[in-house]
Amino acid sequence: PESALAPKPENLSFEVAATIPVSGLAALQALRDVGQIQAGQTVLVLGASGGVGGFAVQIAKAFGAEVTGVASTGKVEMVTNLGADHVIDYAQTDVTQAGHQYDLILDAAAFRPFSDYLPILTPQGTYVVVGGSTPEFFRAMLLGALKSKAEGQQVKCLESKPNPADLLALKDLAETGKIVPFVDQTYPLSEVPTAIRALEERQVQGKVAIRI
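Throughout this document, residue positions are counted from 1 along each chain, in the order its sequence is written. Note on the predicted model: pLDDT of at least 70 is required for a residue's local features to be given, and 80 or more for side-chain atom pairs to be given and counted; whole-chain, interface and lining totals, by contrast, use all residues. Neither water nor hydrogens contribute to the side-chain values; these are computed over all heavy atoms in the structure.

## Digging into the overall build of the protein
Along its length, the protein carries 7 helices and 8 strands. Computation of the radius of gyration draws on C-alpha atoms alone. For the globule rule, the value is 2.2 Å times the number of residues to the power 0.38. For the protein, whose C-alpha radius of gyration is 17 Å, the value lies close to the compact-globule estimate of 17 Å for 212 residues. If one aligns the C-alpha atoms of the protein with their principal axes, the spans along those axes are about 50 × 35 × 30 Å. Only protein chains enter the area calculation, which uses a 1.4 Å probe; residues under 20% of their type maximum are buried, those over 50% are exposed, and those in between are partly exposed. In the protein, which comprises 212 residues, the proportion classed as buried is 44%. By definition in these notes, contact holds between two residues if any of their heavy atoms fall within 4.5 Å. Summarising the internal contacts of the protein: among those between residues at least 6 apart in sequence, 61% fall at separations of at least 24. The method behind every accessible area is Shrake-Rupley, applied with a 1.4 Å probe, and residues are considered shielded solely by the protein chains displayed. Accessible surface, the protein: about 10,600 Å² in total, of which carbon and sulfur atoms supply 54%. Where helices and strands are cited, they refer to DSSP runs of H or I of at least four residues and of E of at least two residues respectively, numbered from the N terminus.

Below you can see the structure in the form of structure tokens.
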């Protein structure tokens, strides 16, 4: 539909530009619309080396936030290169035990209960689930409002909706260099099964693209 289309960034190839719309929209809407991000806030991105997480790190920085990304050992350098102010290797450090609190937590890799993260959320903070395991997503959706603390913490789930205005916002961010898609590998159309296996096995940093 027309509502899902916008001109591509002029400075990017078709393959690189193709990695932006779905993950970029999710990151933008989760931070801006659901999380109500503000300049100067502390933001934690769980799954910072993935498609949504990688864009979230960069978009949060563009909004003027102080960003901490969480990733596996082999992907720490990538998240640092995306512009994160701090990077936590989850194999070495449990972020819930690190002694820091965050105004906004974006979870693009929800594989543990959201309640684990409430202690590291500021009293008025917001936790937003974007991706991860289906059971944890539904747990947050169904129980989040009940479990949120009375003093103001919020647990929310993203329902991303395509629209041209947000695609144009992403186009502008890309053309001004505020977001740079990290494309791990580009595959020919004949190797789509290989690309999907790499994603399923969590071998991918950032995004993969398909060359038509």
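Moving on from the model shown.
## Examining the side chain of K75
Checked against the element boundaries, K75 lands in the loop between β2 (66–71) and α4 (76–81). Here K75 is buried and forms no salt bridge, its nearest opposite-charge partner D184 lying at an N-O distance of 6.9 Å. With residues near it in sequence (within four places) discarded, K75 still touches S49, R202, V204 and Q205. Counted as positive: Lys and Arg. Counted as negative: Asp and Glu, with His and the chain ends omitted from the count. Salt bridges, as used here, are contacts in which a Lys or Arg side-chain nitrogen is within 4 Å of a carboxyl oxygen on Asp or Glu.

## Here's the deal with the packing of aromatic side chains
Aromatic rings considered in pairs are described by the distance between their centres and by the relative angle of their planes. Two rings belonging to Phe, Tyr or Trp (six-membered ring only in the last case) form a pair when the distance between their centres is within 6.5 Å. Interplanar angles under 30 degrees mark stacking, angles over 60 mark edge-to-face geometry, and anything in between is tilted. This structure, assessed with the given rule, holds 2 aromatic pairs. Considering the side-chain rings of F114 and Y127, the 6.4 Å spacing of their centres and the 40° angle between planes classify their relative orientation as tilted. On the criterion of sequence distance, the pair formed by F114 in the loop between β4 (102–107) and β5 (121–129) and Y127 in strand β5 is long-range, its members being 13 residues apart. The buried category is assigned to F114, whose relative accessible area is 3%. Overall, the relative accessible area of 1% leaves Y127 in the buried class. Between Y117 and Y127, the aromatic rings sit 5.8 Å apart at their centres with planes inclined by 15°, giving stacked as the arrangement. Taken together, the residues span a long stretch of sequence, with Y117 in the loop between β4 and β5 and Y127 in strand β5 at a distance of 10 residues. Members of the aromatic cluster, each reached through a chain of ring pairs, are F114, Y117 and Y127. It is K8 that lies over the ring of F14; its NZ or CZ is 4.9 Å from the centre. Whether a charge lies above a ring is judged from NZ of Lys or CZ of Arg, which has to be within 6 Å of the ring centre and within 35 degrees of the ring normal.

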